Amino acid sequence: MPHPQVEQVIQRVDSFLAAYPTASQYDRLRDLEKKTGQPKVYFFLAAVSILSSIIYGLGGMKLVSDIFAFAYPAYMSFKAVDSAEPTDDTQWLTYWVVFSLFSIVENVMSFLVTWVPFYFMIKCCFFAWLYHPRFMGAGLVYKQVIKPFVMPYLQAFEHTKPQKKEE
């Protein structure tokens, strides 16, 4: 018999799996549970561990942090495209502007990445802050950092458009 706290965690994870039956392959996990007598949560956690190890083995923490910064925002962007509300479109467009600029700066300054301890963990926390609905950090970074820096150049570019020659 597992410890009561372990049993509680198993129940919580099982409730989470039941809430998303298609994504978690709940029916297959239930069949495995019936065949083996082991809780379906164990199989789910084993699959997540194996998948995480493969991803980490293929690309290291860089790939893990890139997937972390891409997967959820991409999913939410797809949902935003189909929604009628324009505020989520603005949120995710803003996120992708910040994401793109960060990716460019990260590639240019890649030699510094090796000097910063726990860089990829810091990057994951930063991106979670950027896209988490409670914080909406992408909007703040855009308004406070990117817009004041980029807008003067965009306005100057707009004013210096070449005029069409009259024939």
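A brief look at the structure comes next. From a predicted model like this one, the values you see are computed outputs, not experimental measurements.

1. Side note on the overall build of the protein chain
Point 1. A tally of helices and strands in the protein chain yields seven helices and zero strands.
Point 2. Taken against the 2.2 N^0.38 rule, which gives 15 Å for 167 residues, the C-alpha radius of gyration of the protein chain at 23 Å runs more than 25% over that of a compact globule.
Point 3. Each of the three principal axes of the protein chain carries a C-alpha extent, and together these read 85 × 45 × 30 Å.
Point 4. Out of the 167 residues belonging to the protein chain, those deemed buried represent 22%.
Point 5. In the protein chain, the share of contacts with a sequence separation of at least 24, taken over all contacts with a separation of at least 6, comes to 49%.

2. Some remarks on helix α3 (residues 40-82)
The α-helix winds at 3.6 residues per turn, so residues separated by three or four positions along the chain end up facing the same way.
Point 1. Its 43 residues give α3 an end-to-end C-alpha distance of only 34 Å, which falls more than 12% under 63 Å, the value for a rise of 1.5 Å per residue.
Point 2. Largest kink in α3: about 115°, centred on G59.
Point 3. For α3, the set of buried residues is K40, V41, G60, S65, A69, P73, A74, M76, S77 and A80.
Point 4. Of the surrounding elements, those touching the buried residues of α3 are α1 (4-19), α2 (26-36), α4 (86-108) and α6 (119-131).

3. Some remarks on the packing of α3 against α6
Point 1. In contact at an axis separation of 9 Å, α3 and α6 are set at 5° when each is read in the N-to-C sense. In terms of axis orientation, α3 runs roughly parallel to α6. Residues M61, K62, S65, D66, F68, A69, Y72 and P73 of α3 form the contact with α6, whose own contacting residues are F120, M121, K123, C124, F127, A128 and Y131.
Point 2. For the contact of α3 with α6, the per-class residue count stands at 11 nonpolar, one polar and three charged.

4. Concerning the packing of α4 against helix α7 (residues 137-159)
Point 1. Across the interface, α4 lies against α7 with an axial gap of 8 Å and an inter-helix angle of 60°. The angle between α4 and α7 places the two elements in the oblique class. Of the two possible hands of crossing, α4 and α7 adopt the one that is left-handed. Counted together, T94, Y95, V97, V98 and L101 of α4 and A138, G139, V141, Y142 and I146 of α7 form the full contact between these two elements.
Point 2. Grouping the amino acids of the contact of α4 with α7 by side-chain chemistry returns eight nonpolar, two polar and no charged.

5. Quick notes on α1
Point 1. Look at α1: 23 Å from first C-alpha to last across 16 residues, which is about the 22 Å you get at 1.5 Å a residue.
Point 2. Where α1 is concerned, the buried positions are I10, V13, D14 and L17. Seen end-on, α1 carries its buried residues on one side only, within an arc spanning 105°. Facing away from the buried side of α1 by more than 90 degrees, the exposed set consists of P4, Q5, R12 and A19.
Point 3. For α1, the secondary structure elements touched by its buried residues are α2 and α3.

About the criteria used
Residues numbered from 1 in each chain as written. Predicted model: local features only at pLDDT ≥ 70, side-chain atom pairs only at ≥ 80, totals over all residues. Heavy atoms only, no water. Helix = DSSP H or I, 4+ residues; strand = E, 2+ residues; numbered from the N terminus. Rg over C-alpha atoms; globule rule 2.2 N^0.38 Å. Buried < 20%, exposed > 50% of the residue type's maximum accessible area, 1.4 Å probe, protein only. Contact = heavy atoms within 4.5 Å. Expected span 1.5 Å × (residues − 1). Bend = angle between axes of the 7 residues up to and from the residue. Axes fitted to C-alpha atoms, helices over the stretch in contact; angles between N-to-C directions. Parallel < 35°, antiparallel > 145°, perpendicular 65-115°, else oblique. Nonpolar A, V, L, I, M, F, W, Y, C, P; charged D, E, K, R; others polar. Left-handed = near helix turned anticlockwise from the far one by under 90°. Arc of directions from axis to C-beta.

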